[in-house]
Amino acid sequence: MQATELLRQQLVWSFPIPSSRYFVIDSFPLPVCKFGRARYCRSFRTDGANYGRCPSKKETYFGFKVHALITLEGYISAFEITPASVDDREGLRDFAENHLNLVILGDKVYTGEALSAEMQNKGICLMSLKPSNYKKNWPAEIRRLIFRFRRKVETVFSQLSEQLNAERVLAKSFRGLCTRLQNKVLGHNLCMAFNSIFLDSCDIGKIKQLIF
């Protein structure tokens, strides 16, 4: 993992990776075995693997959950691995400990006046999609933009899963699992670095103007 971290630092220095204070947060499941074999799986239990629910796939799985903080351009700025049962909001709180003065877009799971106030106290502006009947909802144009940039997460996770097989766990230890995932994130960011010079920044400027 140390070599991977050195490569990541070299990547940031060598390529025009966009830096931003605007991010999207989400998580994806990381099952370590088929659900039917979960009761016999012993490899990762001592590392915290447990049962969790994936709402998008409407299924229960056994393993871990990956929380990711992603720029509007699609660069994975930070990620962490937790037991599958950990609430997504706990991932947000962990990121908040090491990041300041950010604007973070999230889906409905990050909605709540208490959570928003907690993040504000830490210098983070949390903008989450809210139910249509929510009393203090965002203006329609901002809701559309949040939804649009939230779709970026789906693209990033799809690339990690389909192109880099991030959800396929072949590691035999938790350290190996972390190393493999870090390598895949590095590979994704390397592709983003090559593509970043072609990025159209007009839409990003638009959401910044609407927020402020």
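Quick caveat, the model's predicted, so the values are computed rather than measured. (Residues numbered from 1 in each chain as written. Predicted model: local features only at pLDDT ≥ 70, side-chain atom pairs only at ≥ 80, totals over all residues. Heavy atoms only, no water.)

Some remarks on the nonpolar core
This is how the line gets drawn: By nonpolar core is meant a set of buried Ala, Val, Leu, Ile, Met, Phe, Trp, Tyr and Cys residues that side-chain atoms within 4.5 Å join together. Whether a residue is buried, partly exposed or exposed follows from its accessible area with a 1.4 Å probe, protein chains only, as a fraction of its type maximum: under 20%, in between, or over 50%, in that order. Labels follow the DSSP assignment, with helices taken as runs of H or I lasting at least four residues and strands as runs of E lasting at least two, numbered in each case from the N terminus.
One finds Val32, Phe64, Leu105, Phe157 and Leu177 to be the most contacted residues of the largest nonpolar core, which totals 36 residues. Contributing elements (two or more residues each) for this core: strand E1 (22–31), strand E3 (59–71), strand E4 (76–83), strand E5 (102–106), helix H4 (140–163) and helix H5 (174–195). For this core, the element with the highest residue contribution is H4, accounting for eight residues. In terms of nonpolar packing, the next biggest core, distinct from the first, is built from 14 residues, Phe23, Ile25, Met119 and Ile124 among them.

A word on the packing of aromatic side chains
Using the following cut-off: In this scheme Phe, Tyr and Trp rings, the latter by its six-membered ring, pair at centre separations within 6.5 Å, and the angle between planes marks the pair as stacked below 30 degrees, edge-to-face above 60, and tilted otherwise.
Considering all chains together, one arrives at five aromatic pairs under this definition. When the ring of Phe44 is compared with that of Phe64, the centres are 6.0 Å apart and the planes differ by 90°; the resulting orientation is edge-to-face. Taken as a pair, Phe44 in the loop between E1 and strand E2 (50–54) and Phe64 in strand E3 lie far apart in primary sequence, 20 residues in all. In this structure Phe44 comes out as buried when scored by relative accessible area, which is 2%. Following the ring pairs from residue to residue traces out a cluster consisting of Phe35, Tyr51 and Phe62.

A few points about the confidence of the model for the chain
Filter applied, for reference: As a per-residue quantity, pLDDT reports the predictor's confidence and falls between 0 and 100.
In the predicted model, the chain carries a mean pLDDT of 83, and 83% of its residues have values of at least 70. At the low end of the mean pLDDT range in the chain sits helix H6 (residues 202–211), at 50; at the high end sits E3, at 94.

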